[in-house]
Amino acid sequence: MSYQIHSCKVLSQKEIAPNIIETRIQNKELAEQAKPGQFLHIQCGDPISMPLRRPISICDVQGDILCFIYEVKGRGTKALQSQTETLDILGPVGNGFTVAPQTYKNPAVIGGGIGVYPMLYLTKQLPTASAYLGFRNKSLVTLEEEFKKAATFLSVSTDDGSYGNNGFALDCLKKDFAEKQFDIIYACGPKGMLRAIQAFAKEVGVPCQISLEERMGCGIGACLTCSCETHEEGAGKYQRVCKNGPVFWAEEVVL
Ligand SMILES: Cc1cc2nc3c(=O)[nH]c(=O)nc-3n(C[C@H](O)[C@H](O)[C@H](O)COP(=O)(O)OP(=O)(O)OC[C@H]3O[C@@H](n4cnc5c(N)ncnc54)[C@H](O)[C@@H]3O)c2cc1C
Ligand code: FES
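Residues numbered from 1 in each chain as written. Chains lettered and ligands numbered in written order. Predicted model: local features only at pLDDT ≥ 70, side-chain atom pairs only at ≥ 80, totals over all residues. Heavy atoms only, no water.

A word on the nonpolar core
- Counting residues in hydrophobic clusters, the biggest one holds 31 residues, and the most contacted among them are Ile-110, Leu-173, Ile-185, Ile-197, Ile-210 and Leu-212.
- The set of elements that each furnish at least two residues to this core consists of strand S7 (86-93), strand S8 (107-112), helix H5 (169-180), strand S12 (184-188), helix H6 (191-204) and strand S13 (208-211).
- Residue assignment places this core across two domains, with domain 1 (5-93) and domain 2 (107-211) each supplying three or more.
- In contact with Ile-210, other than residues within four places in its own chain, are Ala-187, Leu-194, Pro-246, Val-247, Phe-248, Ala-250, Val-253 and Leu-255.
- By size, the runner-up hydrophobic cluster in this structure holds 30 residues, among which are Leu-122, Val-141, Ala-151 and Val-156. (Core = buried A, V, L, I, M, F, W, Y, C linked by side-chain atoms within 4.5 Å. Buried < 20%, exposed > 50% of the residue type's maximum accessible area, 1.4 Å probe, protein only. Helix = DSSP H or I, 4+ residues; strand = E, 2+ residues; numbered from the N terminus. Domains from an automatic or database assignment. Contact = heavy atoms within 4.5 Å.)

What about the pairing of strand S2 (residues 20-26)?
- Counting buried residues in S2 gives 5 out of 7 residues, a clear majority hidden from the surface.
- In textbook terms, the turn of a hairpin is the stretch between consecutive antiparallel strands, and for strand S1 (residues 5-17) and S2 this stretch comprises 2 residues, one of which, Asn-19, has a positive phi near 70 degrees.
- As defined by bridge partners, S2 adjoins strand S6 (residues 65-71) across 7 bridges and the pair is classed as antiparallel. Of the residues in S6, the one forming a bridge with Arg-24 is Cys-67. (Pairing = 2+ DSSP bridges.)

So, the side chain of Ser-130
- Tracing the backbone through its elements, the reader meets Ser-130 in strand S9 (residues 130-135).
- Using a relative accessible area of 5% as the deciding quantity, one classes Ser-130 as buried.
- Other than its neighbours up to four places away in sequence, Ser-130 contacts Pro-107, Ala-108, Val-109, Thr-152, Phe-153, Lys-180 and Phe-182.

Right under this line is the structure:
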């Protein structure tokens with residue numbers, strides 16, 4: 001894998017929910033290479049005082065414009081928020097989702113919290129997909145219209161029942177499973193949710209791909225900060241989320 005740094009023009013940074021920023025950038029080369037599930041490793045602010053880039057997933061690509069959405073959490077994402085001219089971006093990084101509509105004709109896409117964002121570009125690339133989105137509460141519900149257009153079926157849930165279905169997105173997917181007979185599940189979200197999805201996919205015998213989020217350093221496979229445990233023995237036991245992932249087959253990884 002070759003890694004390239006791109007200088008990207010920032011077109012907009014917009015708060016679409018409390019502390020949730022949608023950013024649009026322009027870069028033809030990056031847009032042409034981007035695949036669903038890959039991420040951008042972004043220089044957030046001054047590289048001397050903050051040398052580590054921050055990983056953010058690609059949410060959408062339209063022509064030469066890319067969109068990503070991030071939650072403002074700490075120093076990096078706070079600094080990112082104030083970058084309104086250009087962004088220095090390494091990417092696209094990592095292995096994305098397997099898009100294979102000839103093999104998987106009836107996919108379910110499930111995202112929780114910030115894990116919803118990378119699923120939009122994936123859903124757009126699938127000819128048919130049922131999308132299950134989970135948010136903590138109504139104020140954080142985002143991208144509903146976009147998913148409505150991209151998916152053949154959409155279910156939105158909130159943990160506190162303040163919007164859509166009351167409870168977890170996975171419970172809705174489970175309820176529909178017998179009727180819809182999904183032949184693959186694609187997932188991104190908090191570890192607890194991924195663990196539950198991994199167990200469900202195993203129970204019903206359906207292939208499942210999950211996108212992991214680990215703290216990252218280099219983003220190019222050199223520092224081992226982002227290691228995750230797998231069921232392999234020997235040298236392959238620990239894999240790097242940045243290089244071998246972030247998307248893995250669910251049965252490969254120990255969560
Ligand atoms: C492959 C990948 C894709 C991601 N995509 C998105 C995305 O699309 N949108 C988005 O909002 N966020 C995404 N993240 C998470 C994002 O990278 C972190 O929230 C960000 O790096 C935090 O940086 P910070 O300097 O603002 O916060 P820090 O000051 O570094 O940390 C603030 C808090 O966030 C925690 N944290 C930091 N990094 C992570 C992480 N990787 N996973 C879990 N907790 C973390 C820290 O432990 C701390 O509690 C992604 C992470 C990965 C690995
Ligand atoms: S972040 Fe350095 S190896 Fe993955």
